[in-house]
Every structure is written in structure tokens, then in C-alpha cells.
Amino acid sequence: MCAIYGFLDYSKKMPHRVLRKLLRELSIAAEIRGTDATGISYVKDGKLVTFKKAKPAHRVKLYFPKGTTAIIGHTRMTTQGDEHYNYNNHPFEGKTETHAFALTHNGMLYNDKELRRKYQLPDTPIETDSYVAVQLLEHSDSVGVASIKNMAEAVKGSFVFTILRSDNTLFLVKGSNPITLLHFPEYGLYLYASTEEILRTALKSSNVSAKYENVSVLTGDIICINSKGNLSVSTFDEDELEYHCHGIYDWYDGLPEYEADLLMLCGWYGVSREEVQLLLNVGFSCDEIEEMLLDEDLLHEALEEAEAMYQKN
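Residues numbered from 1 in each chain as written. Predicted model: local features only at pLDDT ≥ 70, side-chain atom pairs only at ≥ 80, totals over all residues. Heavy atoms only, no water.

**Considerations on the overall build of the protein chain**
Scanning the protein chain for helices and strands turns up 9 helices and 13 strands. Here the protein chain has a C-alpha radius of gyration of 19 Å; the compact-globule value for 313 residues is 20 Å, and the two agree. Projecting the C-alpha coordinates of the protein chain onto the three principal axes gives extents of approximately 60 × 50 × 35 Å. Partitioning the intrachain contacts of the protein chain with sequence separation of at least 6 by distance along the chain shows that 65% fall at a separation of at least 24. Carbon and sulfur atoms provide 46% of the accessible area of the protein chain, an area that totals close to 14,200 Å². Separation between the mean location of the 31 positive side-chain charges and that of the 46 negative ones in the protein chain comes to 12 Å. (Helix = DSSP H or I, 4+ residues; strand = E, 2+ residues; numbered from the N terminus. Rg over C-alpha atoms; globule rule 2.2 N^0.38 Å. Contact = heavy atoms within 4.5 Å. Areas by Shrake-Rupley, 256 points an atom, 1.4 Å probe, with all protein chains shown as cover. Lys, Arg positive; Asp, Glu negative; His and termini not counted. Charge placed at Lys NZ, Arg CZ, Asp CG, Glu CD.)

**Re the pattern of salt bridges**
Under the defined criterion, the tally for this structure stands at 6 salt bridges. In this structure, E153 and K149 form a salt bridge, with 2.9 Å as the shortest nitrogen-oxygen distance. Linking E153 with K149, this pair stays in helix α4 (residues 145–154), spanning 4 residues, or about one helical turn. Look at E153 and you get buried, because its relative accessible area is 18%. The shortest N-O distance in the salt bridge between D167 and R165 comes to 2.9 Å. Given the relative accessible area of 14%, R165 is considered buried. (Salt bridge = Lys/Arg side-chain N within 4 Å of Asp/Glu carboxyl O. Buried < 20%, exposed > 50% of the residue type's maximum accessible area, 1.4 Å probe, protein only.)

**Let's talk about the sheet that holds strand β12 (residues 221–225)**
Pairing within the open sheet is antiparallel, and its 6 strands lie in the order β5-β6-β7-β8-β12-β13. The sheet is open, and its two edges are formed by β5 (92–95) and β13 (231–235), each paired on a single side. The average undirected angle you get between the axes of adjacent strands in this sheet is 20 degrees. Looking at chain direction, strand β8 (residues 170–174) and β12 are connected through 4 bridges and run antiparallel. Of the residues in β12, the one forming a bridge with L172 is I223. (Pairing = 2+ DSSP bridges. Axes fitted to C-alpha atoms, helices over the stretch in contact; angles between N-to-C directions.)

**Considering the packing of aromatic side chains**
Under the defined criterion, the tally for this structure stands at 7 aromatic pairs. With centroids separated by 5.7 Å and ring planes inclined at 40 degrees, the aromatic side chains of Y10 and Y190 adopt a geometry described as tilted. Of this pair, Y10 sits in the loop between β1 (3–9) and α1 (16–29) while Y190 sits in strand β10 (residues 189–193), and the two are 180 residues apart along the sequence. Take Y10: its relative accessible area is 23%, and that puts it in the partly exposed class. Aromatic side chains Y85 and Y87 sit 5.8 Å apart centroid to centroid with 25 degrees between the ring planes, which places their arrangement in the stacked category. Since its relative accessible area comes to 46%, Y85 is described here as partly exposed. Cluster of aromatic residues (ring-pair linked, three or more members): F159, F161 and F236. (Phe/Tyr/Trp six-rings, centres within 6.5 Å; stacked < 30°, edge-to-face > 60°.)

**Thoughts on the confidence of the model for the protein chain**
Interpreting fine coordinate detail is not advised for predicted regions of low pLDDT. Of the residues in the protein chain, 90% have a pLDDT of 70 or more, and the chain-wide mean is 89. Taken as a whole, residues 242–255 scores under 50 in pLDDT and shows 26 contacts with residues more than four places along the chain or in a different chain. (pLDDT = per-residue confidence, 0-100.)

**A closer look at α1**
Given 3.6 residues per turn, any residue in an α-helix points the same way as the ones three and four places further on. Taking 1.5 Å of rise per residue, 14 residues should cover 20 Å, and α1 covers 20 Å from first to last C-alpha, within 8% of that figure. Residues H16, V18, L19, L22, L23, E25, L26, S27 and A29 constitute the buried set of α1. Residues of α1 that are buried make contact with β1, β2 (37–44), β4 (70–76), β10 and α5 (196–205). (Expected span 1.5 Å × (residues − 1).)

**Topic: a negative patch on the surface**
Together, E197, D287, E288, E291, D295, E296, D297, E301, E304, E305 and E307 make up a negatively charged patch on the protein surface. Of all the elements in the fold, those that place two or more residues in the negative patch are α8 (286–293) and α9 (296–312). Top element by residues in the negative patch is α9. It accounts for 6 residues. On the basis of relative accessibility, which here comes to 62%, the residue D297 falls in the exposed class. (Patch = residues over 30% accessible without salt bridge, like charges linked within 9 Å, V, L, I, M, F, W, Y side chains within 5 Å.)

**Let's talk about empty space enclosed by the protein**
The full count for this structure, using the stated rule, is 1 cavity of 30 Å³ or more. The calculated volume of the largest cavity comes to roughly 130 Å³. Lining the largest cavity are 18 residues; nearest its centre among them are C2, M77, T79, G107 and M108. Every element with two or more residues in the lining of the largest cavity is listed here: β6 (100–109) and α6 (257–265). In terms of residues, the lining of the largest cavity owes the most to one element, β6, which gives 4 residues. For the lining of the largest cavity, the residue count by class is 5 nonpolar, 10 polar and 3 charged. (1 Å grid on protein atoms, 1.4 Å probe; cavity = no way out; pocket = protein on both sides within 12 Å on 5 of 7 lines; lining within 4 Å. Points joined across faces, edges and corners; volume = space filled by probe spheres on them. Nonpolar A, V, L, I, M, F, W, Y, C, P; charged D, E, K, R; others polar.)

**Things to note about the packing of helix α3 (residues 131–140) against α4**
As a packed pair, α3 and α4 sit with axes 10 Å apart at the nearest point and diverge in direction by 135 degrees. Taken together, the axis directions place α3 and α4 in an arrangement best described as oblique. Crossing handedness for the pair α3 and α4: right-handed. Contacts between α3 and α4 involve A133, L136, L137 and S140 from the first element and S147, I148, M151 and A154 from the second. Here the contact of α3 with α4 is built from residues that sort into 6 nonpolar, 2 polar and no charged. (Parallel < 35°, antiparallel > 145°, perpendicular 65-115°, else oblique. Left-handed = near helix turned anticlockwise from the far one by under 90°.)

Printed below as a string of C-alpha cells:
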């Protein structure tokens with residue numbers, strides 16, 4: 001359960017110092033979903049700049065210059081690929097004939113090796129499953145809606161991708177993993193993160209109280225926002241999302257991927273798979289359970305309620 005976050009500042013009305021504070025608070029708030037590594041990418045003078053470290057966000061100074069239009073960020077909880085080898089951390093850079101780009105991913109992909117064989121993708125020292133998404137876009141030699149759609153339909157597993165193109169176009173690609181997108185019309189600013197909780201925490205810590213709109217992002221959506229703030233929505237085929245795991249994840253075969261993520265990672269929070277399954281069985285959503293993993297009191301209260309409901313039935 002990593003976290004994604006970032007912004008697109010199309011009007012440049014928000015003071016640079018506020019954006020810097022906001023990005024820092026976003027990254028720190030995102031630590032609730034991962035502390036193994038932190039990274040950002042942005043565009044400077046038409047070229048991508050990526051900075052990442054195998055450190056939690058509160059120990060990293062995230063710098064970006066004045067005039068930066070868009071940033072994609074990531075905090076990582078390692079599931080595949082040692083974070084101490086920095087090339088395994090997000091964001092990942094790629095290049096096509098017309099554009100360079102950077103990509104982040106939250107989730108787990110299960111057919112990355114299969115895709116590398118199928119498309120004869122180049123060997124790479126990068127061990128992270130996410131990187132196959134970069135390679136697929138490079139293989140198509142395009143970073144646009146059509147190539148992103150093909151990539152999203154090719155990968156199997158749980159995901160939300162963010163892609164920053166070197167012309168400061170931002171793409172948000174939602175599979176089954178969460179993302180919240182806010183628009184601040186007064187400032188000409190789009191702000192996003194994995195959860196609304198991360199955004200609320202960052203806004204409060206940054207003393208940003210401007211009015212905003214919650215922009216709908218549905219499973220299967222490809223959101224494209226260009227540097228002028230024009231937003232368009234395309235879709236990929238949700239039926240291509242496979243709700244099962246392979247290899248070392250076989251014990252979750254047949255589960256929706258977000259549930260599989262929770263059941264695999266809950267032990268990191270001192271919570272058993274049986275407890276998570278009980279909460280799922282009585283009707284708690286994956287988002288609700290993820291919040292409980294981060295709040296011991298809330299978890300105990302929910303488990304007591306779930307056990308009472310189970311015994312009653």
C-alpha cells in the first residue's frame with residue numbers, strides 16, 4: 001500500500017512557498033501508506049527531473065524550482081525490489097520519440113514477467129513490478145491516451161498510475177486502487193493523493209483553506225490534464241482487470257486485488273488475515289479497513305462490532 005500524490009498548477013496563482021509547503025505536507029501525510037522510499041518528478045526547461053531516496057518523507061527535502069507546473073510524487077512500502085537500490089524506487093522515467101515521461105504506481109502487478117517475455121522488452125536491473133508499465137509505453141513509442149489505454153488493459157493486478165509527460169501533461173489512470181482528485185478553481189490548481197485523508201491532513205498542515213471541488217475519478221478512467229488545466233476523461237476496459245494473483249500470491253486466488261493487497265499486508269500492522277476477512281465478511285469496505293489498519297482504536301471497535309454481528313447471524 002504505497003501512496004501517490006502531486007499537483008498541477010495551471011494558473012500559477014498559488015505562491016511558490018505555499019506549494020513547497022503543501023508538497024512537503026502531502027509527502028509526510030502519505031507516510032501512513034509507506035516509509036521505505038520517497039520520490040518526485042517534475043519538468044524543468046522541458047526536461048524531466050526525478051529525485052528519490054530510500055528514506056521516509058519526513059527525512060527528505062523535496063525541492064522544485066519556481067515556475068514548476070506539475071509534480072508527481074510517491075511514498076513506498078516495498079513489496080518487490082529492494083528500496084536500497086534506488087533504481088527500484090518511484091517515480092520511474094521513460095522516453096519515446098516525442099516525449100520523456102515519469103510514472104508512479106500504487107498496487108501490485110502480477111504479469112510483469114509474462115509481459116516482458118511476450119513483447120521482448122529489454123532486460124533491466126529494476127526489480128519492481130511497476131516498471132513494466134514504463135516499458136510498455138516505451139514499446140508503443142507513445143505516451144498518450146491510446147497507448148496508456150493499451151498498457152492499462154495489458155497489466156494484471158491492482159493499480160493506479162500517475163504519468164507526467166515532458167510537456168507538463170498529467171495523466172491519472174485508475175484501476176482498483178484509490179485516488180482522490182481536488183480542483184481549486186480560485187487558484188487554478190489540481191491536487192491529488194491516494195486518499196482524501198492524506199489531502200485533508202496536508203491542507204490543514206499547510207493552512208490552505210481555499211474552496212475546492214472533488215473531481216470524480218472512477219475505476220477504468222484515464223484522466224488527462226494539460227498544462228493549461230484542460231481536463232478530459234477517457235476510459236479503458238475494466239473487464240481486462242484480472243482479480244486474481246499468481247505465483248507467491250496463490251493463496252489469494254480469486255480475490256479482488258484490493259482485498260488481496262489488504263490480506264497480504266495486514267500483518268505489517270499487527271492485524272491477522274482472519275480479522276481482515278471477518279471485517280470483509282460483515283460488509284466493511286476495503287477503504288474502511290485500510291483506515292482501520294492505521295487506527296488501533298477504530299480497528300478494535302470495528303472488530304467488536306463485527307464479532308457481535310457474526311454471532312448474531
